[in-house]
Amino acid sequence: LRILGIETSCDETAAAVVTRLEDGTGIIEGDVVLSQLDEHSAYGGVVPEIAARAHVEALDSLIEEALQRAGVTLKEIDAVAATSGPGLIGGLIVGLMTGKAIARAAGKPLYAVNHLEGHALTARLTDSLTFPYLMLLVSGGHTQLVLIRGIGDYERWGTTIDDALGEAFDKTAKLLGLPYPGGPAVERAAATGNPKRFNFPRPLRGEERLDFSFSGLKTAVRQAAESIAPVSDQDISDICASFQRAISRTLEDRIGRGLKRFLAEFPEVEGVPALVVAGGVAANQELRRTLQALCDENGFRFVAPPMQLCTDNAVMIAWAGLERMATGAAPDDLDVQPRSRWPLDSEAKAVIGYGK
Ligand code: ATP
Ligand code: MG
Ligand code: FE
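As the structure is a prediction and not an experimental result, all values here were calculated from the model.

Some remarks on the nonpolar core
And step 1. One finds Ala15, Ala81, Met135, Val146, Leu275 and Ala318 to be the most contacted residues of the largest nonpolar core, which totals 105 residues.
And step 2. It is helix α9 (residues 233-265) that contributes the most residues to this core, eleven residues altogether.
And step 3. Ala15 has contacts with Leu4, Gly5, Ile6, Val32, Leu62, Ile63, Ala66 and Ala314, leaving out every residue within four places of it along the chain.

Details of the UniProt feature "domain: Gcp-like" (unreviewed entry) in the protein
And step 1. The sites that carry the UniProt feature "domain: Gcp-like" (unreviewed entry) are, in the present numbering, residues 31-319.
And step 2. For the annotated span residues 31-319, helix accounts for 51% and strand for 16% of the residues, and the straight-line distance between the end C-alpha atoms is 12 Å.

Brief notes about the site of ligand 1
And step 1. In the neighbourhood of ligand 1, 23 residues make up the surrounding shell, with Gly140, Gly141, Gly166, Gly183 and Gly280 lying closest.
And step 2. Ranked by residue count, the leading element in the shell around ligand 1 is helix α7 (residues 182-190), at four residues.
And step 3. Classifying every residue of the shell around ligand 1 by side-chain character gives six nonpolar, 13 polar and four charged.

Description of unusual backbone geometry
And step 1. Following Gly85, the chain continues into Pro86 via a peptide bond in cis, with omega recorded as -15°.
And step 2. Looking at the element boundaries, Pro86 is found in the loop between β4 (79-85) and α3 (89-106).
And step 3. Residues Phe131 and Pro132 are joined by a peptide bond in cis, for which omega reads -5°.
And step 4. Here Pro132 is to be found in the loop between α5 (123-126) and β6 (133-138).

Digging into the sheet that holds β4
And step 1. Pairing within the open sheet is mixed, and its five strands lie in the order β3-β2-β1-β4-β5. Every other strand in the sheet has two partners, leaving β3 (26-35) and β5 (110-114) as the edge strands with one partner each. Across the sheet, the mean angle separating the axes of adjacent strands is 20° when strand polarity is ignored.
And step 2. Looking at chain direction, strand β1 (residues 2-7) and β4 are connected through four bridges and run parallel. The residue bridging Ile6 from the neighbouring strand is Ala82, located in β4.
And step 3. Across the sheet, helix α2 (residues 48-70) touches β1, β2 (12-20) and β3, and the angle it forms with β2 is around 25°.

Considering the packing of α9 against helix α10 (residues 285-298)
And step 1. Orientation of α9 relative to α10, taken along the N-to-C sense of each, is 30°, at an axis distance of 10 Å. Between α9 and α10, the crossing angle belongs to the class labelled roughly parallel. The chirality of how α9 crosses α10 is right-handed. On α10, the residues that touch Gln244, Ser248, Leu251, Glu252, Ile255, Gly256, Leu259 and Lys260 of α9 are Glu286, Leu287, Thr290, Leu291, Leu294 and Asn298.
And step 2. Taken together, the residues of the contact of α9 with α10 break down into six nonpolar, five polar and three charged.

A closer look at the pairing of β6
And step 1. Counting buried positions along β6 yields six of six residues, so the element is predominantly enclosed.
And step 2. Burial along β6 is two-sided: the face carrying Tyr133, Met135 and Leu137 and the face carrying Leu134, Leu136 and Val138 are both buried.
And step 3. The pairing of β6 with strand β7 (residues 143-150) spans six bridges and is classified as antiparallel. Paired with Met135 across the strands is Val146, a residue of β7.
And step 4. The antiparallel pairing of β6 with β7 creates a hairpin that spans four residues between the two strands.
And step 5. For β6 and strand β9 (residues 274-278), the ladder comprises four bridges, and the chain directions are parallel. The residue bridging Met135 from the neighbouring strand is Val276, located in β9.

Thresholds applied
- Residues numbered from 1 in each chain as written.
- Chains lettered and ligands numbered in written order.
- Predicted model: local features only at pLDDT ≥ 70, side-chain atom pairs only at ≥ 80, totals over all residues.
- Core = buried A, V, L, I, M, F, W, Y, C linked by C-beta atoms within 7 Å.
- Buried ≥ 20, exposed ≤ 12 C-beta atoms within 10 Å, placed from the backbone.
- Helix = DSSP H or I, 4+ residues; strand = E, 2+ residues; numbered from the N terminus.
- Contact = placed C-beta atoms within 7 Å.
- UniProt positions renumbered as here; feature names shortened; annotations may be inferred.
- Near = placed C-beta within 6 Å.
- Nonpolar A, V, L, I, M, F, W, Y, C, P; charged D, E, K, R; others polar.
- Pairing = 2+ DSSP bridges.
- Axes fitted to C-alpha atoms, helices over the stretch in contact; angles between N-to-C directions.
- Parallel < 35°, antiparallel > 145°, perpendicular 65-115°, else oblique.
- Left-handed = near helix turned anticlockwise from the far one by under 90°.

Structure representation (structure tokens):
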């Protein structure tokens, strides 16, 4: 099975050609991602209208390039998979409409893919993962701990009640005068900082439910910065290091609870249980070390796919489409609509078309 994947939900325009072999493994044949970072950086965040226009301008030629790299024509693909939510509606319309048009013109089935499902399943492309497993998605728009029970069978255990983790990094960077995107800038500054100088809050720590909260942390960072004048580079480094430390401690608590819940719910799971991480924040080395240690402690395998598969890409959309195809699920009708909000849980399962 060979599929063309299209991703346009946020600030990356991407197209990919991926093949799934009989044994369930996959081959990435063509993979192109165009980041709109430069277009948005002046605004310190993603501007929806600029994003939508940029997708329109770039998508056609990116699809052509992905096919070219794979060395195939539309005749040689079996289906089209396009992100249909969640995300910025303008971009979703561009990608899904293009997917529909290609599917229609080439006479191929269309799979409307949930972006979060792409993140959830991609690790299976590079790692022989068996169900069930846990996924932590930490990006600019999402912070979720999800139980992946099977293809199309997801249960969200925790989510952020305010800011996403990447958003917390971006906002912290902005108020410290660091460049966008904030994650890499904060991590760089933190490298030479004292993580013990500021005692930032660790929201929801100790609570039974598995949700996250990061807006209080951002406020504490602002107050710390305002309490020092003038703020030196060393102060900024200390704030960033203390900020990262607070996040690590928070995740230790939240994810630690999640791992224990998993072991309680699946005492007889086959092999070593796994925690998969996805999203741009997964690039953070301190966060990786924290999660690795947490997994070691609890007898879990820590699975971090290659970074280009953690951030937004079309390979994951193609792969989610392929996994669904392989279950024999029916494709979507061409009148399927994009959804800016589309949670990845049982409700999504009903809408997503599985088991039709
Ligand atoms: P979506 O949330 O819709 O999947 P996105 O574009 O917001 O998409 P990604 O592209 O996956 O998310 O990730 C971008 C986010 O990752 C930004 O918030 C950025 O600050 C953060 N990030 C990138 N590198 C690092 C890092 N080294 N440390 C912490 N955060 C990082
Ligand atoms: Mg992005
Ligand atoms: Fe994403």
